[in-house]
Amino acid sequence: MRSFDDDQGRHWQTALMEASFGEVLLIFTRIGDEGVLQRHLDAANYREAEQILGGADDAQLRAWLAGSKPWR
């Protein structure tokens, strides 16, 4: 799990989730808000996704957040 602030100073957390067929999703939640956002993470497997997320800087996290969609 990673925490970061968006461009408006709102605090977010992102975590990985394994989906079907080996897909890995980034799940975004904002502290104090009920909405959940999701985005596919291009990784070969969960272990690689952990490394990608661990190596991402805040700018990358904000870019992924910008491209995320509401959880359905």
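Residues numbered from 1 in each chain as written. Predicted model: local features only at pLDDT ≥ 70, side-chain atom pairs only at ≥ 80, totals over all residues. Heavy atoms only, no water.

Chemist: What is the right way to look at the pairing of strand β4 (residues 36-41) in this model?
Modeler: Put simply, side chains in a regular strand alternate between the two faces of the sheet. In terms of strand pairing, strand β3 (residues 24-30) meets β4 through 6 bridges, oriented antiparallel. Among the inter-strand pairings, Ile27 is bridged to a residue of β4, identified as Gln38. In this structure, the hairpin formed by β3 and β4 is closed by a connection of 5 residues, where Gly32 is found at a positive phi of approximately 85°. Strand direction decides the pairing type here: β4 and strand β5 (residues 69-70), joined by 2 bridges, are antiparallel. In the sheet register, Leu37 faces β5, and the bridge partner there is Pro70. (Pairing = 2+ DSSP bridges. Helix = DSSP H or I, 4+ residues; strand = E, 2+ residues; numbered from the N terminus.)

Chemist: Please explain the pairing of strand β1 (residues 2-5) as it appears in this structure.
Modeler: The side-chain alternation of β1 yields one buried face, formed by Arg2 and Phe4, and one unburied face, formed by Ser3 and Asp5. Where β1 lies against strand β2 (residues 11-18), 4 bridges are found, and the strand directions are antiparallel. Within the sheet, the bridge partner assigned to Asp5 lies in β2 and is His11. (Buried < 20%, exposed > 50% of the residue type's maximum accessible area, 1.4 Å probe, protein only.)

Chemist: Just to check I follow, could you spell out the sheet that holds β4 for this structure?
Modeler: Each strand in a sheet pairs with its neighbour through backbone hydrogen bonds, running either in the same direction (parallel) or in the opposite one (antiparallel). Strands sit in the order β1-β2-β3-β4-β5 across an open sheet of 5 strands; the sheet is antiparallel. Two strands in the sheet have a free side with no partner beyond their single neighbour: β1 and β5. Sheet contacts for helix α2 (residues 58-66): β1, β2, β3 and β4; angle to β1, the most-contacted strand, approximately 85°. (Contact = heavy atoms within 4.5 Å. Axes fitted to C-alpha atoms, helices over the stretch in contact; angles between N-to-C directions.)

Chemist: Got a minute to help me understand the environment of Leu61 in this structure?
Modeler: Summarising the element assignment, Leu61 is placed in helix α2. A relative accessible area of 0% places Leu61 in the buried class. In sequence terms Leu61 and Gln13 are 48 residues apart; their C-alpha atoms lie 9.6 Å from each other. Not counting the four nearest positions on each side in its chain, Leu61 is found in contact with Arg2, Phe4, Thr14, Phe28, Leu53 and Ala56.

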